[in-house]
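# Observations on the model geometry
Below, each chain spelled out in residue letters.
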Amino acid sequence: MTVRCLDPVLVDRIAAGEVIERPAAAVKELVENAIDAGATSIAVTIRAGGRELIRVVDDGSGMSPDDLALCVERHATSKLPDGDLFAIRSLGFRGEALPSIGSVARLSITTRQREAAQGSALVVEAGTKGAVRPAAAASGTRIEVSDLFIFTPARLKFLKSDRAEAQAVSDMLRRLAIAHPEIRFSLEGEHVSAFDWPAEPFSEEGRLRRLGRALGRDFPENALSVETEREGVRLSGFAGLPTFHRGTSAGVHMAVNGRPVRDKLLLSAVRGAYADVVPSDRHPVLYLDVLCDPAVVDVNVHPAKSEVRFRDPALVRGLVVSSLKAALAGAGHRATTTGGARTLDAFRAVFSGGGLGGGPQTIQHPNFGSVADWRMPEPGAQPMQAGFSDLAMPSADARAHLAEPAQDALDRPLGAARAQVHGTYIVAQTRDGMVIVDQHAAHERLVYERLKAERAKAGIARQPLLLPEVVELDPVDADRLNAAAPDLASLGLVIESFGPGAVLVREAPSAIAGGNLQGIVRDVADALAEHGDAGSLERRLDHVLATMACHNSVRAGRRLRPEEMDALLREMEATPNSGQCNHGRPTYVELKLSDIEKLFGRR
């Protein structure tokens, strides 16, 4: 078989397989061209998930007739004036998108420059280019792609349903809209939630408004500003609070010089920064833009340009991790505002469960017998909570309520402790509402942060045991602990081998010396087995510290004195990341008085 050059149309179709693998990829290329053309408004319309129609209309600079004729030629572009691939300041640069789309679909382009008297139009079908002709057109460019992949029917078999393809288009357009809040974006079509987001001013407030539209209206009030620069690399954006997390990584948005990316290095850095505060099966919500000299980043390493390669990846990763950790630590005890909303929604569901209606209802109470004459309130009032019919003796410690709270305590973020309920939850009063605290989850985080701070400063304080404790284990676990003995000693846990399948604990961290050492050692062995060599040393040590903190924290069911409850609240306010426990669960929820009054029909 002889070697031959492929037909140019076939070459374009092969290239289309790399660049235009689905309708969302075609929309991405066309919208990026519009952004590069200086558009301030971009409107996208799709039909049948983009298979039947993709229409992109922008108000950018437009093209002259000569440029229009040339733009559908392979590797023709206006974005590399000096041919330097390491000085790319535009989103597109290869000149492959339009010829690739034209080879597998019917492509129609109508364009007019702002100063031109009339526009121009061009049609490309199956790779065959028509003549440029005059046309009436608004300034900017209008591109229509119809019957995508009609000339490569095999590729149609690999597309998903129209709904799935339409959702992919929507997700892609949202990512571009997040990265460019100064541009108006709109989307309409079948199987998508249409949106029309106005252009926002180029400011922190403008970006936050755009993020609120894209990531949910709760995001702005649960977001932390991130703004850091190091060695010529700048990081800016907003990071969600740890308790504002989701089940997938769809809420993680990253960009490099305004280019949305799904880069492994950056995603790994985000996971590392949140690993200590978000559950392992959950994902944070954030937007970060890495701004740097184009010469230090290579954007030409992926067909879809969704990944990049940095000249100094360690610098960028370290900047992302340290910046996010600093922002999260600066948030202190803050927890997501949606916690209180979810609590109120749960109350409303209980209240509305019985519905409104007449007829006497009997309430049984162990101390008061039955009250058969009590009737439901008038229509319009809230019905009785269903669970009250089984109400037993109160399990609240209300000793904190015997004395009036200090006025300055009411002005504190977490207020003044007023009661302890079920030996687990602290109820605190603030100036404009109330706070419910999970005492075990809160104290677990406090102990953990204290141990980490001690380790960072001068090593964790250790306390020798008067009687060293022998812990019997599986021989494999015992060997694993003995191998990690030097690292454990730096955490304050001093052990030594005590024969096959056993270790001897001689010293323990002062903060947990009075805890259950048997359970602590066994859980530390499990933690080492779980992380092993897969994680960094620091991550493994943090996991061990979290395990030890969990064992020594205030347990659920323990009754606290009023001064102990207040002390816990004050320490939470002063401790970073105290809004969530070591497992990523919230440590408290806040209910505003106005919301409580609405719940009871007072507003």
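What counts as what
Residues numbered from 1 in each chain as written. Predicted model: local features only at pLDDT ≥ 70, side-chain atom pairs only at ≥ 80, totals over all residues. Heavy atoms only, no water. Helix = DSSP H or I, 4+ residues; strand = E, 2+ residues; numbered from the N terminus. Buried < 20%, exposed > 50% of the residue type's maximum accessible area, 1.4 Å probe, protein only. Contact = heavy atoms within 4.5 Å. Areas by Shrake-Rupley, 256 points an atom, 1.4 Å probe, with all protein chains shown as cover. Phe/Tyr/Trp six-rings, centres within 6.5 Å; stacked < 30°, edge-to-face > 60°. Lys NZ or Arg CZ within 6 Å of the ring centre and 35° of its normal. Pairing = 2+ DSSP bridges. Axes fitted to C-alpha atoms, helices over the stretch in contact; angles between N-to-C directions. pLDDT = per-residue confidence, 0-100. Expected span 1.5 Å × (residues − 1). Core = buried A, V, L, I, M, F, W, Y, C linked by side-chain atoms within 4.5 Å.

### As for the overall build of the protein chain
Secondary structure assignment for the protein chain yields 18 helices and 28 strands. Burial analysis of the protein chain (603 residues in total) assigns 46% to the buried set. Within the protein chain, residue pairs in contact and separated by at least 24 positions form 68% of the contacts whose partners lie at least 6 positions apart. Only carbon and sulfur atoms are counted for the fraction: they give 53% of the accessible area of the protein chain, which is about 29,000 Å².

### What to know about the packing of aromatic side chains
Evaluated as defined, the whole model comprises two aromatic pairs. Ring centres of Phe-195 and Trp-197 lie 4.2 Å apart, and the angle between their planes is 25°; this geometry places the pair in the stacked category. Considered together, Phe-195 and Trp-197 belong to a single accessibility category, that of buried residues. On the basis of an interplanar angle of 55° and a centroid distance of 6.1 Å, the ring pair of Phe-219 and Phe-244 is categorised as tilted. In this pair, Phe-219 sits in the loop between helix H7 (204-215) and strand E10 (223-230) while Phe-244 sits in the loop between strand E11 (233-240) and strand E12 (245-246), placing the two residues 25 residues apart along the sequence. Assigned by exposure class, Phe-219 and Phe-244 land together as buried. Sitting over the face of the ring of Phe-149, Arg-155 holds its NZ or CZ atom 5.7 Å from the ring centroid.

### Brief notes about the sheet that holds E10
The strands making up a sheet associate through hydrogen bonds between their backbones, and the pairing can be parallel or antiparallel. Strands sit in the order E10-E11-E16-E13-E14 across an open sheet of five strands; the sheet is mixed. Only two strands of the sheet have a single neighbouring strand rather than two, namely E10 and strand E14 (259-261). Strand after strand, the sheet turns through a mean of 20° between neighbouring axes, direction not considered. In this structure, E11 lies alongside strand E16 (residues 286-291), joined through six bridges in antiparallel fashion. Bridge pairing links Leu-235 to Val-290 in E16.

### Considerations on the confidence of the model for the protein chain
A low pLDDT score tells you not to read the predicted coordinates there in detail. Mean pLDDT over the protein chain works out to 83, with 82% of the residues at or above the 70 mark. The least confident element of the protein chain is strand E20 (residues 369-371), whose mean pLDDT is 43; the most confident is strand E1 (residues 41-47), at 97. Confidence drops under a pLDDT of 50 for residues 354-394, and excluding neighbours within four residues, the segment shows 41 contacts in the predicted structure. Predicted confidence is poor over residues 533-537, with pLDDT under 50, and the contacts of this stretch with residues over four places away or in other chains come to three contacts.

### Examining helix H2 (residues 23-36)
The end-to-end C-alpha distance of H2 is 20 Å, a good match for the 20 Å that 14 residues give at a rise of 1.5 Å each. Judged by how many residues are buried, H2 sits mostly within the fold: 12 of 14 residues are covered. Considered for burial, the residues of H2 that qualify are Pro-23, Ala-24, Ala-25, Ala-26, Val-27, Lys-28, Glu-29, Leu-30, Val-31, Glu-32, Ala-34 and Ile-35.

### Some words on unusual backbone geometry
Here Phe-149, not a glycine, exhibits a phi torsion of approximately 70°, which is positive. Assignment of secondary structure puts Phe-149 in the loop between strand E7 (140-146) and helix H5 (153-156).

### Observations concerning the nonpolar core
Counting 96 residues, the largest nonpolar core has Val-31, Ile-42 and Leu-324 as the members making the most contacts within it. The leading source of residues in this core is helix H6 (residues 162-179), at nine residues.

### Brief notes about the sheet that holds strand E26 (residues 494-497)
Read from one edge of the open sheet, three strands run E25-E27-E26, paired in antiparallel fashion. A strand with exactly one partner marks an edge of an open sheet, and here the two such strands are strand E25 (462-472) and E26. Neighbour-to-neighbour, the strand axes of this sheet turn through a mean angle of 20°, independent of strand direction. As judged from the seven bridges shared by E25 and strand E27 (residues 502-509), these two strands associate in the antiparallel manner. By the bridge assignment, Gln-463 is partnered in E27 with Ala-508.

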